[in-house]
Amino acid sequence: MTRKFQATHVGRVRRNNEDSLIIIEPETFAVADGMGGASAGEVASQMLVETVKEFLAETPPIWDEKILSRAIVSANEKILNMARRNEEYRGMGTTATILHLNDKRAYFAHVGDSRIYRLRGNSFEQITEDHSYVETLVRRGELTHEAARVHPLKNVLTQAVGAMDELNIDAANLPVENGDIYLLCTDGLTNMVDDETVANILKTAHNPADALIDAALSAGGKDNVSVIVVGVD
Ligand code: CA
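Everything numeric in this text was worked out from a predicted model, so none of it was measured.

Criteria and thresholds
Note on numbering: residues in each chain are counted from 1, in written sequence order. Where totals are concerned, whole chains, interfaces and linings use all residues; where local detail is concerned, this predicted model gives features only for residues with pLDDT of at least 70, and gives and counts side-chain atom pairs only at 80 or more. Excluded from the side-chain calculations are hydrogens and water; all other atoms, namely the structure's heavy atoms, are used. Three exposure classes are used, based on accessible area relative to the maximum for each residue type with a 1.4 Å probe and protein chains only: buried under 20%, partly exposed in between, and exposed over 50%. Where helices and strands are cited, they refer to DSSP runs of H or I of at least four residues and of E of at least two residues respectively, numbered from the N terminus. Note on pairing: two strands pair once DSSP finds at least 2 bridges between them. Buried Ala, Val, Leu, Ile, Met, Phe, Trp, Tyr and Cys residues form a nonpolar core when they are joined through side-chain atoms within 4.5 Å. Throughout, a residue-residue contact means that at least one pair of heavy atoms, one from each residue, lies within 4.5 Å. Metal-coordinating donors are taken as N, O and S atoms lying within 2.8 Å of the metal, or within 3.2 Å when the metal is Na, K or Ca; because water is left out, some sites can appear incomplete. Orientation is described by lines fitted to C-alpha atoms, with helices fitted over the stretch in contact, and by angles between N-to-C directions that extend from 0 to 180 degrees. Reported orientations rely on four angle classes, namely roughly parallel under 35 degrees, roughly antiparallel over 145, roughly perpendicular from 65 to 115, and oblique for the rest. What makes a crossing left-handed is the near helix being turned counterclockwise from the far one by less than a right angle; a clockwise turn instead makes it right-handed. Each residue after the first adds 1.5 Å to the expected span of a helix. Pairs of N or O atoms are called polar contacts if they sit within 3.5 Å, as long as, within protein, a hydrogen donor faces a hydrogen acceptor (for residues adjacent in sequence, only side-chain-to-side-chain pairs).

Novice: Looking at this structure, how should I read the pairing of strand E7 (residues 115-120)?
Specialist: Residues in a regular strand project their side chains so that they alternate between the two faces of the sheet. The buried fraction of E7 is high, at five of six residues. In this sheet, strand E10 (residues 181-185) lies alongside E7 in antiparallel orientation, the contact comprising five bridges. Within E10, the residue paired with Tyr117 across the bridge is Leu183. Where E7 lies against strand E8 (residues 123-126), four bridges are found, and the strand directions are antiparallel. Bridging across to E8, Arg120 finds its partner in Ser123. Linking two consecutive strands that pair antiparallel, namely E7 and E8, is a turn of two residues; a positive phi of about 60° is found at Gly121 within it.

Structure below.
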């Protein structure tokens, strides 16, 4: 059994919400943060979640990280084709972060800088690694996580769905424990709100999704913000 919450908000600065999110039964969750001029970012992130939904609908629901990765590959082809056929969509792309839970395992597949976190007891951990320029610097020890959050190039991704022919999709699975809380989010949350505040909201809020959006807006809401929270009972 899981408790699920989702919310998205355009934020306080931007005119369009280029994020998309989706909950697919059984127990599958995805967020996507689109990029590109005009409305192209919205088109890319929406195509991502729609294609994942369609792909999974055609696949027997014994889904694992390989199936989730194939769903991303399928979306990559569709978005690339759309961008090649339409001048106004040239250069569009999107992050893709997908989680599927069963009783025992958490399966995920991921491209870009949206994130999955897991709260287990008092341990709050980022499960995904960002595919971003600043994360490359952090891994090399040239930048701290705190400095990365405010770095002028923090939005530069090293890969995005729909923007390149070949993707290096991160995919893995982890054991699930009762009481785990999973958070999927776009960077509009993590760039505005620190980990400690996010973890406290997950522990205490009646509706953690709405509370996380409120926290991002209170901190300035400089970007679109989207969250899905899944509590395992
Ligand atoms: Ca964003």
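Novice: It is not clear to me how the nonpolar core should be interpreted in this structure. Could you clarify?
Specialist: Inside soluble globular proteins, nonpolar side chains tend to come together where they are buried. Core analysis: the largest hydrophobic core is formed by 30 residues, its most contacted members being Leu48, Val52, Leu56, Ile72, Ile79, Met92 and Val161. Elements that contribute at least two residues to this core include exactly strand E2 (19-24), strand E3 (28-35), helix H1 (40-57), helix H2 (65-85), strand E5 (96-101) and strand E6 (105-111). It is H1 that contributes the most residues to this core, nine residues altogether. In contact with Ile72, not counting residues within four places along its chain, are Ala96, Ile98, Ala109, His110, Val111, Val161, Leu167 and Ile169. Listed in part, the 24 residues of the second largest apolar core include Tyr117, Ala199, Ile201 and Leu202.

Novice: Sorry if this is basic, but what is going on with the coordination of the calcium ion here?
Specialist: Perfect tetrahedral coordination of a metal by four donors corresponds to 109.5 degrees between them, and perfect octahedral coordination by six donors corresponds to 90 or 180 degrees. Listed as protein donors to the calcium ion are Asp33 (OD), Asp187 (OD) and Asp223 (OD); their distances from the metal cover 2.2 to 2.4 Å. Summarised as a motif, the one-chain spacing of the donors to the calcium ion is D-x153-D-x35-D. Within this pair, whereas Asp33 is found in strand E3, its partner Asp187 is found in helix H5 (residues 187-190), the two being separated by 154 residues in sequence. The pair Asp33 / Asp187 is uniform in exposure class, with both members buried.

Novice: Help me understand the packing of H1 against H2 in this model?
Specialist: Each pair of packed helices can be described by the angle between their axes along with the distance between the axes. Relative to each other, H1 and H2 sit at 135°, their axes nearing to 8 Å. Accordingly, the angle class assigned to the pair H1 and H2 is oblique. Like other packed secondary-structure pairs, H1 and H2 cross with a definite hand, here right-handed. Along its contact with H1, which presents Val43, Ala44, Met47, Leu48, Thr51, Val52, Glu54, Phe55 and Leu56, the element H2 presents Ile67, Leu68, Arg70, Ala71, Ser74, Ala75, Lys78, Ile79 and Met82.

Novice: So what exactly am I meant to see when it comes to the sheet that holds E7 here?
Specialist: For sheets, the rule is that strands pair by backbone hydrogen bonds, running either parallel or antiparallel. Strand order in this open sheet of five strands is E1-E11-E10-E7-E8, and the pairing throughout is antiparallel. Each edge of the open sheet carries a strand with a single partner, namely strand E1 (2-9) and E8. Strand-to-strand twist in this sheet, taken as the mean axis angle between neighbours without regard to direction, amounts to 15°. Contacting E1, E10 and strand E11 (225-232), helix H7 (residues 208-218) crosses the sheet at an angle of about 30° to E1.

Novice: Would you take a moment to explain unusual backbone geometry for this structure?
Specialist: Leaving glycine aside, a negative phi is the common case for residues, and trans is the common case for peptide bonds. Between Glu25 and Pro26 the backbone carries a cis peptide bond, its omega angle lying at 0°. Relative to the elements of secondary structure, Pro26 occurs in the loop between E2 and E3. We note that Glu27 has phi near 50°; this positive angle belongs to a residue other than glycine. With respect to the element layout, Glu27 can be found in the loop between E2 and E3.

Novice: Whenever I open this one, H1 confuses me. Can you help?
Specialist: Given 3.6 residues per helical turn, the α-helix brings residues three or four places apart onto the same face. The end-to-end C-alpha distance of H1 is 25 Å, a good match for the 26 Å that 18 residues give at a rise of 1.5 Å each. Turning to H1, its buried residues are Ala40, Gly41, Val43, Ala44, Ser45, Met47, Leu48, Val49, Thr51, Val52, Phe55 and Leu56.

Novice: Which parts of the structure should I look at to understand the side chain of His131?
Specialist: Along the polypeptide, His131 turns up in the loop between E8 and helix H3 (133-139). Within polar-contact distance, the side chain of His131 engages the side chain of Asp170 at 2.7 Å. Those residues in contact with His131 that sit more than four places away from it in its chain are His110, Val111, Gly112, Leu157, Thr158, Gln159, Asn168 and Asp170.

Novice: Help me out: how do you make sense of the environment of Leu99 in this one?
Specialist: Position of Leu99 among the secondary structure elements: in strand E5. Sequence-wise, Leu99 and Ala171 are 72 residues apart; in three dimensions their C-alpha atoms are separated by 9.8 Å. The contacts of Leu99, once residues within four sequence positions are left out, are Glu27, Thr28, Phe29, Leu68, Ala106, Tyr107, Phe108, Ile116, Tyr182 and Leu184.

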